[in-house]
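# Summary of structural features
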Amino acid sequence: MAGQHLPVSLLLAAGGSPDAQAGGEAVRKGRRRAPAKDGGDQAGPSMRDSILAVATELFTLNGFRGTSFADIAQILNITTTNIHYHFKNKQGLAAEALDRYAARVSEHFLRIWRDEQSSLAAKIEATIEFNRASYYRFNQEGQPGRVWSLLTRFAGDSEVVSDGIRQRIAQFRAEVLAAVEFALGLAVRQGELRAGLPQAELARMLSYAFAYAGEIARDSGGFAAVEANYRVLLDTLLRAHGSKPRAAVRRRAG
């Protein structure tokens, strides 16, 4: 199977459930996993959750076209019939995997950008660290630039995935945009930014930095370009619209 030698990150952003961690470990080591219990209990995840966990990993690593029920069945040591019992077809499995994944990422992102106690700079730093952790779960073997997000992967597979998947990606991006716009409005109300700024346009610019971070890393060959993009955007925003004079942007060494 194509993805068995690759590194693992089943839950890109928001930690990992036992089923995701166990399924991902099986993918990483290129071995079969003992079948999960169909009902699910404290001793292990349900079969449905195990299938979703491994599918999320393989879809992210190999794309929609490059992932099959046979690949998933081999990792879980089950038959493809078992997968069909829980998911009628690959589009249905992909849609549910994406929905769960997008919900986790959205929850984490909204927690950062709707925090009324943190500054814009702190929100950017938290977002960078969020992306960094996600990136390095998939880029640990000297081959930088791999896609680390199921959202990015399926956006690139838009011509072969279902309308429902495309709509879920659009919904996620709308959630990100709304959270960033809220944060900019909050920054104005709290005196961090001056009133009268082009809030909708700036929110779109910042939300694109997050939505397309995967493409930036892939096309540049590493995470450094993602971090630089965030920092330049923040510096430009504060220089143009900040309520206080802005020192030159500082770049991290390394």
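Everything numeric here is computed off the predicted structure, so don't read it as measured data.

Time to look at the overall build of the protein chain. The helix and strand inventory of the protein chain stands at 11 helices and zero strands. Secondary structure elements of the protein chain occur, N-terminal to C-terminal, as α-α-α-α-α-α-α-α-α-α-α. Taken across its 254 residues, the protein chain has 48% of its residues classed as buried. In the protein chain, 66% of the contacts between residues at least 6 apart in sequence involve partners at least 24 apart. For the protein chain, the accessible area works out to roughly 11,700 Å², and carbon and sulfur atoms hold 51% of it.

When you line up the elements, Phe59 lands in helix H2 (residues 47–62). Apart from the residues within four sequence positions on either side, Phe59 is in contact with Phe64, Thr67, Lys90, Leu93, Ala94, Leu150, Arg153 and Phe154.

Moving on, we get to the environment of Ile169. Here Ile169 shows up in helix H8 (residues 163–189). For Ile169, a relative accessible area of 6% corresponds to the buried category. Contact partners of Ile169, with chain neighbours within four places excluded, come to Leu98, Leu151, Phe154 and Ala155.

A separate point is the pattern of salt bridges. Going through the model one piece at a time under the given rule, you end up with 13 salt bridges. Taking the shortest distance from any N to any O, the salt bridge between Glu96 and Arg100 comes out at 3.6 Å. In this pair, Glu96 and Arg100 are both assigned in helix H5 (residues 90–113), four residues apart and thus about one turn of the helix distant. Within the structure, one salt-bridge network assembled from shared partners comprises Glu125, Glu129, Arg132, Glu227 and Arg231.

With their axes 9 Å apart at the nearest point, H2 and H5 run at an angle of 85° to one another. Relative to H5, H2 is oriented roughly perpendicular. Judged by residue contacts, Arg48, Asp49, Ile51, Leu52, Ala55, Thr56 and Phe59 of H2 engage Lys90, Leu93, Ala94, Glu96, Ala97, Arg100 and Tyr101 from H5. For the contact of H2 with H5, the class distribution of residues is eight nonpolar, one polar and five charged.

A few words now on the packing of helix H6 (residues 120–138) against helix H11 (residues 224–241). The N-to-C vectors of H6 and H11 enclose an angle of 170°; their axes lie 10 Å apart at closest approach. Compared by their axis directions, H6 and H11 come out roughly antiparallel. Together, Leu120, Ala121, Ile124, Glu125, Thr127, Ile128, Asn131 and Arg132 of H6 and Val226, Glu227, Tyr230, Arg231, Leu234 and Leu237 of H11 make up the contact between the two elements.

As a further point, take H2. The end-to-end C-alpha distance of H2 is 22 Å, a good match for the 22 Å that 16 residues give at a rise of 1.5 Å each. Counting buried positions along H2 yields 14 of 16 residues, so the element is predominantly enclosed. Two residues or fewer past H2, Gly63 is found with a positive phi of approximately 85°.

Let's shift gears to the confidence of the model for the protein chain. For the protein chain, per-residue confidence averages 84 on the pLDDT scale, and 77% of positions sit at 70 or higher. Within the model, pLDDT remains below 50 along residues 1–26, and this stretch shows 82 contacts once partners closer than five positions in the same chain are excluded. This model gives residues 39–43 a pLDDT under 50, and the stretch forms four contacts once residues within four places in sequence are excluded.

Two residues of an α-helix separated by three or four positions point the same way, owing to the 3.6 residues in each turn. Most of helix H3 (residues 69–76) sits out of view: six of its eight residues are buried. Within H3, the full set of buried residues consists of Phe69, Asp71, Ile72, Ala73, Ile75 and Leu76.

Below, the discussion takes up the side chain of Ser46. Following the sequence through the fold, Ser46 ends up in the loop between helix H1 (18–29) and H2. We classify Ser46 as buried; its relative accessible area is 14%. Of the polar contacts made by the side chain of Ser46, one reaches the backbone nitrogen of Asp49; its length is 3.1 Å.

As for its position among the elements, Ala73 is in helix H3. Residue Ala73 is classed as buried on the basis of its relative accessible area of 5%. Residues Ala73 and Val54 lie 19 residues apart in sequence; the distance between their C-alpha atoms is 9.2 Å. When sequence neighbours within four positions are dropped, the list of residues in contact with Ala73 reads Ile78, Thr79, Thr80 and Ile83.

What follows covers the nonpolar core. Soluble globular proteins tend to pack their nonpolar side chains together in the buried interior. Core analysis: the biggest nonpolar cluster contains 63 residues, and Leu93 and Phe154 have the highest contact counts within it. Here the element with the most residues in this core is H5; it accounts for 10 residues. Those residues in contact with Leu93 that sit more than four places away from it in its chain are Ile51, Leu52, Ala55, Phe59, Phe69, Ile72, Ile83 and Phe87.

Reading the values: rules and limits
- Residues numbered from 1 in each chain as written.
- Predicted model: local features only at pLDDT ≥ 70, side-chain atom pairs only at ≥ 80, totals over all residues.
- Heavy atoms only, no water.
- Helix = DSSP H or I, 4+ residues; strand = E, 2+ residues; numbered from the N terminus.
- Buried < 20%, exposed > 50% of the residue type's maximum accessible area, 1.4 Å probe, protein only.
- Contact = heavy atoms within 4.5 Å.
- Areas by Shrake-Rupley, 256 points an atom, 1.4 Å probe, with all protein chains shown as cover.
- Salt bridge = Lys/Arg side-chain N within 4 Å of Asp/Glu carboxyl O.
- Axes fitted to C-alpha atoms, helices over the stretch in contact; angles between N-to-C directions.
- Parallel < 35°, antiparallel > 145°, perpendicular 65-115°, else oblique.
- Nonpolar A, V, L, I, M, F, W, Y, C, P; charged D, E, K, R; others polar.
- Expected span 1.5 Å × (residues − 1).
- pLDDT = per-residue confidence, 0-100.
- Polar contact = N/O pair within 3.5 Å; in protein donor to acceptor, adjacent residues only side chain to side chain.
- Core = buried A, V, L, I, M, F, W, Y, C linked by side-chain atoms within 4.5 Å.

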